[in-house]
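# Coordinates in review
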Amino acid sequence: MESRYARQALMDEIGPGGQKKLKDARVLVVGAGGLGCPVLTYLACAGVGFLRIADDDVISESNLNRQFLYGPDCIGNQKALMAKESLIRQNPDIKIDALFERVSEENAQRMLEGIHMVVDCVDNAKTRLIMNSACMKKGIPLVEGGVEGFYGFATVVKRNCACLECMGYREGEAKAPMGVIGVTAGIIGMIQANECIRMILGLESALCGKILQYDGHHATTRNVDVKIDPNCGVHKRFG
Ligand SMILES: [Zn+2]
């Protein structure tokens, strides 16, 4: 056991067996922005052996209040590539596949090849719904999260619990950039990373069939139950 993981290997839930599961895990993180930075950082630190990063954006100065994998010298460069460089410095033992690509109906299945789990770290409904269908089709768990201002949510989509369509999530008008403070993205991203790690270890997801709602003004979270909608088109096809 590498000493890098010694402290987490002391946990009953991990041990050497769990560390091997983390090493063998292959996770796709869609979006290397405000949520993607904490998710990628903590998955890399935990020793998740393969991370695929998909992001078609370049770094701008307005990202730096929350996207801590980047510095001013990264402005104008591809997020996926810069994130990879930064993460490899943190943990050179893992493999990272950086894709400068936007998720679409056409490329979603290719991006999911060889992938065990997806963490969605995007800010638009279109990508979320594409990933929702693509993951349900393949039976791959999807960890969702979103933030606005001091508020955020997280949930887990699987065939045996509600998907985004069941929850009434629909593609709306593209909104102007939303206000967000880095800590909100950090907290929600951390909850997503935690769910991802727990599922890799074989533990039951705490957010399957539940939406965690976070309120940063009151430092509270609550879990709201969500059920599979018998009329959900995605569940009818793939559930
Ligand atoms: Zn559904």
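It should be noted that the structure appears before, not after, this text.
Counting starts from 1 at the beginning of each chain's written sequence and moves along it residue by residue. With the structure being a predicted model, the display of local features is reserved for residues of pLDDT at least 70 and the display and counting of side-chain atom pairs for 80 or more, all residues being used for whole-chain, interface and lining totals. Processing note: side-chain calculations cover all non-hydrogen atoms of the structure and skip hydrogens and water entirely.

### Description of the coordination of the zinc ion
Coordination of the zinc ion by the protein involves Cys-163 (SG), Cys-166 (SG), Cys-232 (SG) and His-235 (ND1), with metal-donor separations of 2.1 to 2.3 Å. Coordination shells were defined by N, O and S atoms within 2.8 Å of each metal, extended to 3.2 Å for Na, K and Ca; water is absent from the atom set, which can make sites look incomplete. When four donors show all angles between 85 and 135 degrees the site is tetrahedral, when four or six donors have opposite pairs over 155 degrees and all other angles between 65 and 115 it is square planar or octahedral respectively, and in every other case it is irregular. Taken together, the 4 donor atoms coordinating the zinc ion and their angles of 97 to 119° define a geometry best described as tetrahedral.

### Brief notes about the sheet that holds strand β1 (residues 26-30)
Taken in spatial order, the 8 strands line up as β3-β2-β1-β4-β5-β6-β7-β8 in an open sheet, and their pairing is mixed. Only two strands of the sheet have a single neighbouring strand rather than two, namely β3 (95-99) and β8 (220-225). In this sheet, neighbouring strand axes are inclined to one another by 15° on average, regardless of whether the strands run parallel or antiparallel. Pairing of strand β2 (residues 50-54) with β3, which is carried by 5 bridges, proceeds in the parallel orientation. Bridge assignment links Arg-52 to a residue of β3, and that residue is Asp-97. With respect to the sheet, helix α6 (residues 125-138) is in contact with β1, β4 (117-120), β5 (142-148) and β6 (151-157), its orientation differing from that of β5 by roughly 165°. Criterion used throughout: strands pair if DSSP finds at least two bridges between them. Strands are runs of DSSP state E lasting at least two residues, helices are runs of H or I lasting at least four, and both sets are numbered from the N terminus onward. Comment: axis = line fitted to C-alpha atoms, over the contacting stretch for helices; angle = value between 0 and 180 degrees taken between N-to-C directions. It only takes one pair of heavy atoms within 4.5 Å for two residues to be counted as in contact.

### What to know about the packing of aromatic side chains
Only Phe, Tyr and Trp rings take part, Trp by its six-membered ring, and two of them pair if their centres are within 6.5 Å. Stacked means planes under 30 degrees apart, edge-to-face means over 60, and tilted covers everything else. Considering all chains together, one arrives at 0 aromatic pairs under this definition. Consider the ring centre and the ring normal. A charge sits over the ring if Lys NZ or Arg CZ is within 6 Å of that centre and within 35 degrees of that normal. Above the face of the Phe-50 ring, Arg-26 is positioned so that its terminal group lies 3.9 Å from the ring centre.

### What about the nonpolar core?
Put simply, a nonpolar core is a bunch of buried Ala, Val, Leu, Ile, Met, Phe, Trp, Tyr and Cys residues held in one set by side-chain atoms that sit within 4.5 Å of each other. Burial classes follow relative accessibility: with a 1.4 Å probe on protein chains only, a residue under 20% of its type's maximum area counts as buried, one over 50% as exposed, and anything between as partly exposed. Judged by nonpolar contacts, the single largest core of 44 residues is most densely connected at Val-27, Leu-43, Leu-51, Tyr-70 and Val-119. When residues in this core are grouped by element, the largest group, 7 residues, is from helix α7 (residues 182-200). Beyond its immediate chain neighbours, meaning those up to four positions away, Val-27 contacts Leu-43, Val-48, Phe-50, Leu-51, Arg-52, Ile-115, Met-117, Val-119, Cys-196 and Ile-200. Counting 30 residues, the second largest nonpolar core, distinct from the first, contains Val-30, Leu-142, Ala-162 and Val-226.

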